[in-house]
Amino acid sequence: MARDMKRNRNSSAYFFLLFSLILLFAFSTLSVEARKSQGQKMHRGQHKKHKNHKGNVTSPPRRSRIPAHAPASPPITESTIFDVLSFGAKGDGICDDSKAVAAAWEAACKVPGATMEFPSEFKFLIKPITLQGPCQPHLTLQIDGLVLAPSKVWSGPKSSLFQWINFKWLQNFTIQGSGIVDGQGSNWWTPSSPFDSMKRPKTFPDMKPTALRFYSSYNVTVRDIKIINSPNCHLKFDNSRGVRVNNITISAPETSLNTDGIHLQNSQDVEIHHSNIGCGDDCVSIQTGCSNVFVHHINCGPGHGISLGGLGKGGTVACVSNIIVDSIFMNNTLYGARIKTWQGGLGAVKNVSFSNIKVSDVKVPIMIDQYYCDKHICKNKTGAVAISGVKFDQITGTYSAQPLHLACSSSVPCSNVDLSAINLQPSLEFRGLRDALCWNSYGKSQAPLVPTSIDYCLLKGGSVLQKISRSHGKSC
């Protein structure tokens, strides 16, 4: 019995020793494999290289563990503000900032919803420049500072004389801000009269630049800014559509010839409203190729009023239609509501309404002139731009020369002209009695009409005239 028990103890000890050896061997094998695997990972890591954005080799980025409850970091977004000072502009009004402006524009143009900014309390001198698209949508030019044109008359290729700042091929673009755009045009004005060409210096350019010009642009807005002292037109839209001008101020001396406030040409779907315009020519000038234009709530003066034309110069075709001018105040202007065409022209002006216009000391508040001439003498020609469907309604106030002037072509009379609710009294500046002038204009009038000479202004009839108007308007 004792021998059996001893044999059992020896057997148990043997199996315990054998099991311990097996465990020791297994643990040693796993430890070796783990160290081998870690060594392989480290070996691979030594050959893994990273390059930064400049192409330089760097160490792998170190990663830190982020708790599961920690919020994710917000994505890094590209800035949409492009301050011209950040692109090298000095803003002192002396150094030329044109290159900095061009660089800021190029950068902003590529970013949707970007804003290119001229900050306040700085003066930016810019030479003639073109800022063109196409750009990403909803680009804004924020003008809060003072933007200056060169004060001296510049010369060069014609492209630099058409305009000072040219905006080209833009869509969904806005100019806004509390700043001033100063064309510094006084040196351009002195020899500007066509009758004073002999007085011009030999080096003086034949043309004068517009301050701000839009060409071939769609859905553009100009608001809040002030534009002053342009060498020529202050704000021009050419071959554009979907134009909005709101709450701007345009200012130049009455003696600054040809400095139209807003000039429209070959442009459609335009609204100009709630603005103050005083200059040396038309507050708003509407030229050939314009249609669906709405001008309202404008203070105009000094200047030449709101005009369609001159149209048809040199026998050209002029087409203007669907124009509404409403709620205007004109003070000390040369004309009020005016349509002017050259003799010998072709085309048509139709569907035009001037209404709710108050005038104060305006020389001629109502005018249609188909004998327009900017020289001392112009040759008589039989052709004319046909004018039909023109309404003058609720025109009241004072005149200093003549209440109404309708001088229509002998060969192409004006037709469907309406005169209603007109009350014009002579102003304190009036010198002598002058009745309304009416020549070859057909339509109807409706009381009240003051002075009473207006009541006899329009001729009746018009079936033949409509055929004449249609034949001249076929080219439109």
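One structure accompanies this document, and this report is about it.

Thresholds applied
Residues numbered from 1 in each chain as written. Predicted model: local features only at pLDDT ≥ 70, side-chain atom pairs only at ≥ 80, totals over all residues. Heavy atoms only, no water. Disulfide = S-S within 2.5 Å. Helix = DSSP H or I, 4+ residues; strand = E, 2+ residues; numbered from the N terminus. Buried < 20%, exposed > 50% of the residue type's maximum accessible area, 1.4 Å probe, protein only. Phe/Tyr/Trp six-rings, centres within 6.5 Å; stacked < 30°, edge-to-face > 60°. Pairing = 2+ DSSP bridges. Axes fitted to C-alpha atoms, helices over the stretch in contact; angles between N-to-C directions. Contact = heavy atoms within 4.5 Å. Core = buried A, V, L, I, M, F, W, Y, C linked by side-chain atoms within 4.5 Å. Lys, Arg positive; Asp, Glu negative; His and termini not counted. Salt bridge = Lys/Arg side-chain N within 4 Å of Asp/Glu carboxyl O.

### Some details on the state of the cysteines
Each disulfide consists of a covalent bond between the sulfur atoms of two cysteine residues.
Phase 1 of the analysis: Inspection of every chain in the model, using the stated rule, returns six disulfides.
Phase 2 of the analysis: Here Cys-283 connects covalently by a disulfide to Cys-300, the sulfurs 2.1 Å from one another. Measuring the twist about the S-S bond at about 85°, one finds the Cys-283-Cys-300 disulfide to be right-handed. Of this pair, Cys-283 sits in the loop between strand S20 (268-278) and strand S21 (284-286) while Cys-300 sits in strand S22 (residues 290-300), placing them 17 residues apart in sequence.
Phase 3 of the analysis: By relative accessible area, Cys-283 is classed as buried at 0%.
Phase 4 of the analysis: Between Cys-319 and Cys-476 runs a disulfide, and the two sulfur atoms are separated by 2.1 Å. With the S-S dihedral at roughly -90°, the linkage between Cys-319 and Cys-476 falls on the left-handed side.

### Focus on the packing of aromatic side chains
Phase 1 of the analysis: With the rule as written, the count across this model stands at 12 aromatic pairs.
Phase 2 of the analysis: For the ring pair Trp-105 and Phe-173, a centre distance of 5.7 Å and an interplane angle of 75° mean the geometry is edge-to-face. You can see Trp-105 sitting in helix H2 (residues 98-108) and its partner Phe-173 sitting in strand S11 (residues 171-176), a full 68 residues away along the chain. Both residues of the pair, Trp-105 and Phe-173, count as buried.
Phase 3 of the analysis: For the ring pair Phe-354 and Phe-392, a centre distance of 5.4 Å and an interplane angle of 5° mean the geometry is stacked. Highlighted residues: Phe-354 in strand S26 (residues 346-362) and Phe-392 in strand S28 (residues 386-399), separated in sequence by 38 residues.

### Looking at the sheet that holds S21
Phase 1 of the analysis: With parallel pairing, the 11 strands of this open sheet are ordered in space as S7-S10-S13-S16-S19-S21-S23-S25-S27-S29-S31. Both outer strands of the open sheet, strand S7 (129-132) and strand S31 (437-439), are each paired with one neighbouring strand and no more. Each adjacent strand pair in this sheet contributes to an overall mean axis angle of 15°, direction not counted.
Phase 2 of the analysis: One ladder, built from four bridges, connects S7 with strand S10 (residues 163-168); its direction is parallel. In the strand pairing of S10, Gln-132 is matched with Lys-168.

### Brief notes about unusual backbone geometry
Phase 1 of the analysis: Residues Gly-301 and Pro-302 are joined by a peptide bond in cis, for which omega reads 0°.
Phase 2 of the analysis: Along the chain, the position of Pro-302 falls in the loop between S22 and strand S23 (306-311).
Phase 3 of the analysis: Residue Pro-448 follows Ala-447 across a cis peptide bond; omega there is 0°.
Phase 4 of the analysis: Along the chain, Pro-448 falls in strand S32 (residues 441-450).
Phase 5 of the analysis: Unusually for a residue other than glycine, Asn-172 sits at a positive phi of about 50°.

### Some words on the environment of Val-153
Phase 1 of the analysis: Looking at where Val-153 falls in the secondary structure, it is placed in the loop between strand S9 (146-148) and helix H3 (159-162).
Phase 2 of the analysis: Beyond its immediate sequence surroundings of up to four residues, Val-153 is in contact with Asn-187, Trp-188, Phe-204 and Pro-205.

### A closer look at the nonpolar core
When a protein is soluble and globular, its nonpolar side chains tend to lie buried together.
Phase 1 of the analysis: Residues Phe-167 and Phe-392 are the most contacted members of the largest nonpolar core, which totals 102 residues.
Phase 2 of the analysis: Setting aside chain neighbours within four positions, we find Phe-167 in contact with Trp-105, Leu-131, Leu-141, Phe-173, Ile-175, Leu-212, Arg-213, Phe-214, Tyr-215 and Ser-217.

### Here's the deal with the side chain of Asp-182
Phase 1 of the analysis: Residue placement: Asp-182 occurs in strand S12 (residues 180-182).
Phase 2 of the analysis: Nearest to the buried, unbridged Asp-182 among oppositely charged side chains is Lys-123, at 9.1 Å.
Phase 3 of the analysis: For Asp-182, the residues in contact, after removing those within four places along its chain, are Leu-146, Val-147, Leu-148, Ala-149, Trp-164, Ile-228 and Asn-229.

What is shown is where atoms sit, not what they do.
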